[in-house]
Amino acid sequence: MLNILDIPFTPLDVAGILTIIFLGIALFLKIQRIKQLRLEVDKLNKSLEGMDEQSKLIIRTDMELNKIQEELDKKITSLYTLQELTRAISTTLEEPQIFKRIEVERLKEIGFEKALIFLYSEKDSRFNLYLNIGYVSEDVGIVKAFIEANGSQFLNLIKIQKTISSTSAVEGFIAKETINSLFTVSAFIFSVLLPKDGDKGFLFVGTENKDTLITEGDEELVTILTNQLGQSLENARLFEKTWNVQQELEKKVEERTRELALVIEGIKKISKRKTDFVSSVSHELRTPLTSIKGYAAILLAGKLGEVPLGVRERLEKINRHSDELVHMVNDMLDISRIESGREVMKIEPYDLKIISARAADLLSAQLKDKQIELSIDIPVNASEVLIDVNQIERVFINIVGNAIKFTPVAGKIFIRAVSIGAWIQVDIADTGSGIPEEAREAIFEEFYRVDSLINQQVKGTGLGLALVKNIIEAHGGKIWVKSKLGAGATFSFTLPVK
Amino acid sequence: MQVGVGVSIAKDYIEAAKEALFRAKKYITKDKIDFAIVFSTVEFAHPLFLKTISRLLGPTTIVGSSSLAVMSNQGFLKHGLVVMLISLSEKIYFNAALVEKISTKSINKAGEELAEKLLSGAKDIHRKLSVIFCDGLIKNTADLILGLQDKFGKSFPLVGASTADNPVFQKNYLYLNQEIYNDAACGILLGGNLNFGLGVRHGWKPLGKPRFVTESFRNTVYKIDSEPAVKIYEEYFARKIPELTKDLKRIAAFYPIGIYLSGKKEYLLRNLISIRNDGSLVFHGDVPVNSQIRFMIGAKDSILDATRQAASEAKQGMLEKKIDFVLVFDSVFRFMLLGRQVNKELEIIQEEFGRDTPIIGLCTCKEYAPLKIMEYSESAYSHNQAITILAVGK
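Sequence order as written defines residue numbering, which begins from 1 separately in each chain. Throughout, the order in which chains and ligands are written sets their labels, letters from A for the former and numbers from 1 for the latter. In view of the model being predicted, local features appear only for residues whose pLDDT reaches at least 70, and side-chain atom pairs are presented and counted only at 80 or more, with totals across whole chains, interfaces and linings using the full set of residues. Derived side-chain values reflect all non-hydrogen atoms in the structure, with water molecules and hydrogen atoms excluded from consideration.

Quick look at the overall build of chain A
The helix and strand inventory of chain A stands at 13 helices and 12 strands. Scored against the burial criterion, the 498 residues of chain A give a buried share of 37%. Should any heavy atoms of two residues lie within 4.5 Å, those residues are counted as being in contact. Counted over contacts in chain A with a minimum sequence separation of 6, partners at least 24 positions apart contribute 66%. Accessible surface is estimated by sampling points in the Shrake-Rupley manner with a 1.4 Å probe; for residues, cover comes only from the protein chains shown. For chain A, the accessible surface area stands at approximately 29,700 Å², while carbon and sulfur atoms represent 58% of it. Helix and strand definitions here come from DSSP, where helices need a minimum of 4 consecutive H or I residues and strands a minimum of 2 consecutive E residues; each element is numbered from the N-terminal end. Only protein chains enter the calculation, and the probe is 1.4 Å; a residue is then buried if its accessible area is under 20% of its type maximum, exposed if over 50%, and partly exposed in between.

Given below as structure tokens:
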């Protein structure tokens, strides 16, 4: 048996063996290290795989977030554009202008570059084009013909009031592919235009961009736009209606004014003729009246022989009636002179108290006869007026004279004045029989006399108040009467202060 | 150098042209205006519009493009026109050129053609910088950049953008002098006594575990970690291809992939253009095989931070020299993510450069710029989701 110790190892052999042992150990350690490293690599790989899985989750989430962000950005931009569009279309009240405010740049901001608006005319039974963006006339012709041919489908769309798009087609409506091909778009929206009155229709918007996918948000946006368009159309139509009514009214007012002017002109002519007639008749009457009065006076004076008593009495009557007639003729001449403007008012400041005192003095005999008390109350601040003294004196005499005539014995008459701004208002009131309501305006007309028992007993020409009215109006003032039957009447008139 | 900026939002493009020019001219006292940069939204892209500007400016070179939105000191405009008039100082040179009908030729060759045209007018000058505008509907613009770099040299500073189209019109227009073009790219080459600073940042952050592109060709990725490329999106969004396609616009805007670049502060972003039925993914820009990629996520705060960093880098690049104007190429995806806060980017830029510094910019779908211009050794990359801020001064 060979003993290892018996082998004659040279030092070189020993060194070789030791090297082998050392290398073996090293190899072993390396193998162990490799195993360990492999484990670590596996670990790292696993962790890398884990990270990769996490990355996938991150990317998927990021993708979703980006989509949401994109949609949000689009919505915000679209809302801004919609706001601008709304502002633009709501600031006009002209129907054609409303459509012109939809500009291609704004349309592009909401993702479309083509748009058409058709409104259905009930009158013509056809769709009319109101807006065209992005189509040449040849294309519009094709689209129009298509809409005419499929009119019932589009009318139904208006009827059901629905917004449809390339992603939300309506059952029974024209196929999406047909619309894409005819309208040369890749995505589109139809939204109905529904103003309350008048023609209704639809807005079509589309894009050739193949990447465009119409979302619910897009549909909502276009629907808001068409609602606004409908509202603006309504406003424009209402405005047009109102405008037309106003125009018609203005036309009618103009016509009536013209007619009225003609009538007034006619009245003026008649009035002038009447005034001229009255003036000329009065003048013509004066001469024979003067002769009658003259001859009556000669006869009464007995220059042509003794006048028997009976004849004298008749002659005196002739004389008295002639006086009354002269008085009447003078009044008529005054009225016609004032009316025609031939009578120039000699305006001057004057004290009303003096005039009323003078009138009272002049009528004192009649007042005394009927025991009528006349009281005058004209305060200092309401006494100075700008008047033609003679004419206003006639006014006082006439009104107070009338009051005396219609006031029973022991009655009362009041003359009062009050200052109202640039005017003095004079009230002459009596405790007489009063004036019926229906006669209160007519009494100022020429020859009008109230039909009453007392009037039959009291003499009058029917010209006095007409003359009074003319005089007051010639001063720029007004005259009116307030009365209660059996409780007297108050004649009021105004006279200027400055 | 004198610079004036005018803005108009008038509906009529001729009125708008007159108004914007009138406003911009107020800042220029010199008789000669060397060139005008015109950015407008697509509604203005009409030959008469440029003819009006040209007629009013006289013999001045006009370059520019249409975009989804344009920027000025007054903010972003979704409908508007921005004109920047530049009267250069002595010893600053420029040349402008355009290459059209790009889809009918090799894109690489189109890039070379544009570079040659730009260089032909600037043979004896010390060229400093090229600014390129490209129709955003042109695919594989990386080849256009390569074509440009083949002629300019890989390390020549090249900054630019593919303009973002209006999703409705799906048209982009490039402007050169009196003409408008589709399917084209135009540019300006600047040289001489000129300084500039550049900042490019996106602000998207990596999320999830790193993965490797195991099969790709140019901008199409077939396999990631040896699995169909679409699986990464299916797993992250828990959706199948048809649902992913439905939401592609949002996914593309907010969740690009980021390519790890060793030693760089930010990942190079690639945003998704389409998902094919075979499970492959098509991106804006190339994604090489073996690229380490991560899923990326952006937040408003992080992208505004990126704007701040880009502005700061652009300012630092100017080494405290006077800044005469600032050009901003801002990704449409940032525009989408920021939503109503989009003008905050402008506020940040103005905080950095001052409110009086003329600023114009436009919305882009791809941005071209070196990752770090100060090193002068970087070739331009095609970026997605980035803001590129170029400060220029004497």
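Concerning the overall build of chain B
Of the regular secondary structure elements, chain B holds 10 helices and 25 strands. Sorting the 394 residues of chain B into buried and exposed places 63% on the buried side. Here chain B has roughly 15,000 Å² of accessible surface; of this, 50% comes from carbon and sulfur atoms.

Quick look at the sheet that holds strand β6 (residues 81-87) of chain B
Strand pairing within a sheet occurs via backbone hydrogen bonds; the two strands may be parallel or antiparallel. All names here are of chain B. A pair of strands counts as paired when DSSP detects no fewer than two bridges linking them. Taken together, six strands build an open sheet; the order of strands is β1-β6-β2-β3-β10-β11 and the sheet is mixed. Lying at the two open borders of the sheet, with one neighbouring strand each, are β1 (2-8) and β11 (179-181). For this sheet, the mean angle separating the axes of adjacent strands, direction not counted, is 15 degrees. Of the pairings in the sheet, the one linking strand β2 (residues 35-41) to strand β3 (residues 61-67) comprises seven bridges and is parallel in character. Looking at β3, one finds that V38 is bridged to G64. On the sheet, helix α1 (residues 13-25) packs against β1 and β6 and is oriented at approximately 145 degrees with respect to β1. For helices, the fitted line uses only the C-alpha atoms of the stretch in contact; every axis is such a line through C-alpha atoms, and the angle between N-to-C directions lies from 0 to 180 degrees.

As for the sheet that holds strand β7 (residues 373-377) of chain A
Residues and elements named next belong to chain A. Strand order in the open sheet formed by five strands is β7-β9-β10-β12-β11, with mixed pairing between adjacent strands. Every interior strand has two partners, whereas the edge strands, β7 and β11 (479-483), have only one. Taking each pair of neighbouring strands and ignoring which way they run, the sheet shows an average axis angle of 15 degrees. Both β7 and strand β9 (residues 412-420) contribute to a ladder of five bridges, which runs parallel. The partner of L374 across the bridge, within β9, is I413. Each of β11 and β12 (489-496) touches helix α13 (residues 464-474); the most contacted strand, β12, lies at about 30 degrees to it.

Focus: the interface of chain B and chain A
Counting from both sides, the interface comprises 29 residues of chain B and, opposite them, 27 residues of chain A. Two parts placed together each lose some accessible area under a 1.4 Å probe, and adding up what both lose gives the buried area. For the pair chain B and chain A, the summed buried surface comes to about 2,500 Å²; carbon and sulfur atoms form 54% of the total. Definition used for salt bridges: Asp or Glu carboxyl oxygen within 4 Å of a side-chain nitrogen of Lys or Arg. Run the count over chain B and chain A and you get six salt bridges. Here E70 of chain A ties to R250 of chain B by a salt bridge, and the two come within 3.0 Å at their closest N and O atoms. A 3.5 Å cut-off defines polar contacts: any pair of N or O atoms within that distance qualifies, except that in protein one atom must be a possible hydrogen donor and the other a possible acceptor, and neighbouring residues in sequence count only when both atoms are side-chain atoms. Put simply, chain B and chain A have 15 residue pairs in polar contact (both at pLDDT 80 or more) between them. Among the elements of the structure, β14 (205-217), α5 (230-237), α7 (248-254), β21 (292-297) and α9 (332-338) of chain B are those that each provide at least two residues to the side of chain B that touches chain A. Under the scheme applied, nonpolar residues are Ala, Val, Leu, Ile, Met, Phe, Trp, Tyr, Cys and Pro; charged residues are Asp, Glu, Lys and Arg; polar residues are all the others, including Gly. A per-class count over the side of chain B that touches chain A returns 14 nonpolar, four polar and 11 charged.

Here's the deal with the state of the cysteines
All names here are of chain B. A pair of cysteine sulfur atoms is labelled a disulfide when the two atoms are within 2.5 Å. Taken as a whole, this structure holds zero disulfides over all chains when the rule is applied. C134 carries a free sulfur, and the closest cysteine sulfur to it, the one in C365, is 8.3 Å from it. Look at C134 and you get buried, because its relative accessible area is 0%.

Points about the confidence of the model for chain B
Every residue is assigned a pLDDT by the predictor, reflecting its confidence on a scale from 0 to 100. In the predicted model, chain B carries a mean pLDDT of 89, and 97% of its residues have values of at least 70. Model confidence for the complex: the whole-complex pTM is 0.66, and ipTM, which rates the interface, is 0.78.

Overview of the nonpolar core
By size, the foremost hydrophobic cluster in this structure holds 67 residues, and its most contacted members are Y233, F237, L272, L281, F353 and I389 of chain B. When residues no more than four places from it in sequence are discounted, the contact partners of L272 of chain B are Y233, L248, I251, A252, L281, V282 and F283 of chain B. Throughout, nonpolar core names a set of buried Ala, Val, Leu, Ile, Met, Phe, Trp, Tyr and Cys residues whose side chains join them through atoms within 4.5 Å. Counting residues in hydrophobic clusters, the runner-up holds 48 residues, among them A359, A382, I392 and I479 of chain A.

Looking at the packing of α1 of chain B against helix α2 (residues 47-57) of chain B
Residues and elements named next belong to chain B. Direction vectors running N to C along α1 and α2 enclose 35 degrees, while the axes themselves pass 9 Å from each other. Considering only the axes of α1 and α2, their crossing is right-handed. Taking contact as the criterion, the partners of Y13, I14, A17, K18, L21 and K25 in α1 are, on α2, L48, F49, T52, I53, R55, L56 and L57. In terms of residue class, the contact of α1 with α2 is built from nine nonpolar, one polar and three charged. Handedness of a crossing follows from how the near helix is turned relative to the far one, being left-handed for an anticlockwise turn of less than a right angle and right-handed for a clockwise one.

Side note on the environment of E235 of chain B
Following the sequence through the fold, E235 of chain B ends up in helix α5. For E235 of chain B, a relative accessible area of 26% corresponds to the partly exposed category. Not counting chain neighbours up to four residues away, the residues in contact with E235 of chain B comprise K56 and R60 of chain A together with R211 of chain B.

A word on the pattern of salt bridges
Summed over all chains, the structure comprises 37 salt bridges over all chains. Across the pair D323 of chain A and K293 of chain A runs a salt bridge whose closest N-O atoms are separated by 2.3 Å. With a gap of 30 residues between them, D323 of chain A in helix α8 (residues 309-340) and K293 of chain A in helix α7 (residues 216-301) connect regions that are remote in the sequence. Relative accessible area serves as the criterion here: at 37%, D323 of chain A is assigned to the partly exposed category. Judged by relative accessible area, K293 of chain A falls into the partly exposed class, the value being 26%. Between R314 of chain A and E313 of chain A there is a salt bridge; the shortest N-O distance is 3.8 Å. Residue class for R314 of chain A comes out exposed when judged on its relative accessible area of 53%. One network of salt bridges, with partners in common, ties together D52, E53 and K56 of chain A together with R211, E227, K231 and E235 of chain B.

Thoughts on a nonpolar patch on the surface
Residues and elements named next belong to chain A. Patches in this entry comprise residues that are over 30% relatively accessible and not in a salt bridge; like charges within 9 Å are linked, as are nonpolar side chains (Val, Leu, Ile, Met, Phe, Trp, Tyr) within 5 Å. There is a patch of nonpolar side chains on the surface, built from I7, F9, V14, I17, L18, I21, I25, F28 and L29 and spanning about 800 Å² of accessible area. Tracing the chain through its elements places V14 in helix α1 (residues 11-90). Taking the relative accessible area as the measure of exposure, V14 reaches 38% and is therefore partly exposed.

So, the side chain of S87 of chain B
Residue and element names in this part refer to chain B. Topologically, S87 is positioned in strand β6. Relative accessible area serves as the criterion here: at 1%, S87 is assigned to the buried category. Polar side-chain contacts of S87 include one of 2.7 Å to the backbone oxygen of K32. What S87 contacts, discounting residues up to four positions off in sequence, is M1, Q2, I28, K30, K32, I33 and D34.

Section: the packing of aromatic side chains
Stacked, tilted and edge-to-face pairs are distinguished by plane angle, under 30 degrees for stacked and over 60 for edge-to-face with tilted covering the rest, among Phe, Tyr and Trp rings (Trp via its six-membered ring) whose centres lie within 6.5 Å. Considering all chains together, one arrives at 34 aromatic pairs over all chains under this definition. When the ring of F146 of chain A is compared with that of F183 of chain A, the centres are 6.4 Å apart and the planes differ by 90 degrees; the resulting orientation is edge-to-face. A residue pair is termed long-range when its members are at least 10 positions apart, and F146 of chain A in helix α4 (residues 137-149) and F183 of chain A in the loop between α6 (176-182) and β4 (187-193) qualify at 37 residues. Across the pair, F183 of chain A and F146 of chain A agree in class, each one buried. An angle of 70 degrees between the planes, with centres 5.7 Å apart, marks the rings of F188 of chain A and F190 of chain A as edge-to-face. Here F188 of chain A and F190 of chain A have matching classes, each one buried. Definition used: whenever NZ (Lys) or CZ (Arg) falls within 6 Å of the ring centre and also within 35 degrees of the ring normal, the charge is taken to sit over that ring. When the ring centre of Y236 of chain B is taken as reference, the NZ or CZ atom of K56 of chain A above it lies at 5.8 Å. The ring centre of F156 of chain B lies 5.0 Å from the NZ or CZ of R127 of chain B, which sits over that ring.

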